[in-house]
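# An overview of the molecular structure
Spelled out, the chains give:
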Amino acid sequence: MSRYYQEDCAPHNAREFANTGSALRRATRDNPRNLPCPTCGAPDRLTYADKMRGYQCDECANAAEWGAS
């Protein structure tokens, strides 16, 4: 099994994620939520793990997927 599959496709423990239904990783002491969203620029929206995966904040992701409300 490739490392890519293990990290991104395998079932994850829900404690890894910030919220139910969110792809963003949970903030921890070693992975703080201290980076801005690359889409809207809002501060403190992403962790380093989120940034390395190319994510945006949940609000921007929802707007992109479902349309702005």
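Preceding block: the structure.
Report follows, based on the coordinates. (Residues numbered from 1 in each chain as written. Predicted model: local features only at pLDDT ≥ 70, side-chain atom pairs only at ≥ 80, totals over all residues. Heavy atoms only, no water.)

### Points about the overall build of the protein chain
If you tally the helices and strands in the protein chain, you get three helices and zero strands. Starting at the N terminus and ending at the C terminus, the protein chain contains elements arranged as α-α-α. By the burial criterion, 20% of the 69 residues in the protein chain qualify as buried. A total of about 5,300 Å² of accessible surface is found on the protein chain, and carbon and sulfur atoms cover 51% of it. (Helix = DSSP H or I, 4+ residues; strand = E, 2+ residues; numbered from the N terminus. Buried < 20%, exposed > 50% of the residue type's maximum accessible area, 1.4 Å probe, protein only. Areas by Shrake-Rupley, 256 points an atom, 1.4 Å probe, with all protein chains shown as cover.)

### As for the environment of Pro 36
Relative to the elements of secondary structure, Pro 36 occurs in the loop between α1 (3–8) and α2 (48–52). A sequence separation of eleven residues divides Pro 36 from Thr 47, and the C-alpha atoms of the two residues are 8.8 Å apart. The residues contacting Pro 36, other than those within four sequence positions of it, are Gly 41, Ala 42, Pro 43, Asp 44 and Leu 46. (Contact = heavy atoms within 4.5 Å.)

### Examining the pattern of salt bridges
Tallied over the entire structure, the rule returns two salt bridges. For the salt bridge of Arg 33 with Asp 50, the shortest nitrogen-to-oxygen distance reads 3.2 Å. Here Arg 33, found in the loop between α1 and α2, pairs with Asp 50, found in helix α2; they are 17 residues apart in sequence, far enough to count as distant. Take Arg 33: its relative accessible area is 24%, and that puts it in the partly exposed class. For Glu 59, the salt bridge is made with Arg 45, and the minimal N-O distance between the two is 3.0 Å. Of the two residues, Glu 59 is situated in helix α3 (residues 58–66) and Arg 45 in the loop between α1 and α2; the sequence distance between them amounts to 14 residues. Look at Glu 59 and you get exposed, because its relative accessible area is 51%. (Salt bridge = Lys/Arg side-chain N within 4 Å of Asp/Glu carboxyl O.)

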